[in-house]
Amino acid sequence: RQQKFQLELDSHRKLLALTQANAALQMEMLTSNQQMRTQNAALVRRADNAEQEGENLRVERDAFAAELHKLRNSEIPSLNEKLQQEMQANARLTVVAETAS
């Protein structure tokens with residue numbers, strides 16, 4: 001009877017030790033999972049920031065392209081025409097000045 005009790009006691013001690021080891025492993029896994037979640041959240045934030053920065057750059061690029069298009073299609077030809085008119089006026093004044101002297 002004493003031997004049976006001792007065997008049961010040993011069995012319970014082994015079960016307790018296994019249960020404690022299992023609990024320790026589960027705590028370790030929980031801590032590891034929390035760290036991974038934190039790292040994943042940081043990576044998601046970095047990806048979101050990079051995506052937003054990319055969108056900001058696309059908006060900036062599109063605005064620059066629109067401004068360049070405007071310059072090429074309206075302002076530059078208009079300025080070239082004004083420059084041609086000024087040069088013609090200067091040429092006429094030069095002729096008049098040379099004629100007068």
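Residues numbered from 1 in each chain as written. Predicted model: local features only at pLDDT ≥ 70, side-chain atom pairs only at ≥ 80, totals over all residues. Heavy atoms only, no water.

A.B. asks: Looking at this model, I keep getting lost on the overall build of the protein. Mind explaining?
C.D. replies: Across its full length, the protein holds 1 helix and 0 strands. Its C-alpha atoms give the protein a radius of gyration of 42 Å, clearly above 13 Å, the size a compact globule of 101 residues would have. With the C-alpha coordinates aligned to their principal axes, the bounding extent of the protein is approximately 140 × 20 × 10 Å. Across the 101 residues of the protein, 1% fall into the buried class. Positive and negative side-chain charges of the protein, numbering 13 and 14 respectively, have mean locations separated by a distance of 16 Å. (Helix = DSSP H or I, 4+ residues; strand = E, 2+ residues; numbered from the N terminus. Rg over C-alpha atoms; globule rule 2.2 N^0.38 Å. Buried < 20%, exposed > 50% of the residue type's maximum accessible area, 1.4 Å probe, protein only. Lys, Arg positive; Asp, Glu negative; His and termini not counted. Charge placed at Lys NZ, Arg CZ, Asp CG, Glu CD.)

A.B. asks: Would you mind going over the pattern of salt bridges with me for this structure?
C.D. replies: Opposite charge on two side chains permits pairing when their charged atoms draw close. For the structure shown, the criterion picks out 4 salt bridges. The salt bridge partner of Glu 75 is Lys 70, with a shortest N-O separation of 3.6 Å. Since its relative accessible area comes to 31%, Glu 75 is described here as partly exposed. (Salt bridge = Lys/Arg side-chain N within 4 Å of Asp/Glu carboxyl O.)

A.B. asks: Would you take a moment to explain the environment of Arg 92 for this structure?
C.D. replies: Among the structural elements, Arg 92 can be located in helix α1 (residues 2-100). Between the C-alpha atoms of Arg 92 and Leu 68, which are 24 residues apart in sequence, the distance is 34 Å.

A.B. asks: What's the story with α1 in this structure? I'm lost.
C.D. replies: Quick reminder: α-helices carry 3.6 residues per turn. Residues three or four places apart thus point the same way. Relative to the 147 Å expected for 99 residues at 1.5 Å per residue, α1 spans 141 Å between its end C-alpha atoms, a close match to the ideal helical length. Helix geometry: α1 is bent most strongly at Leu 71, by close to 45 degrees. (Expected span 1.5 Å × (residues − 1). Bend = angle between axes of the 7 residues up to and from the residue.)

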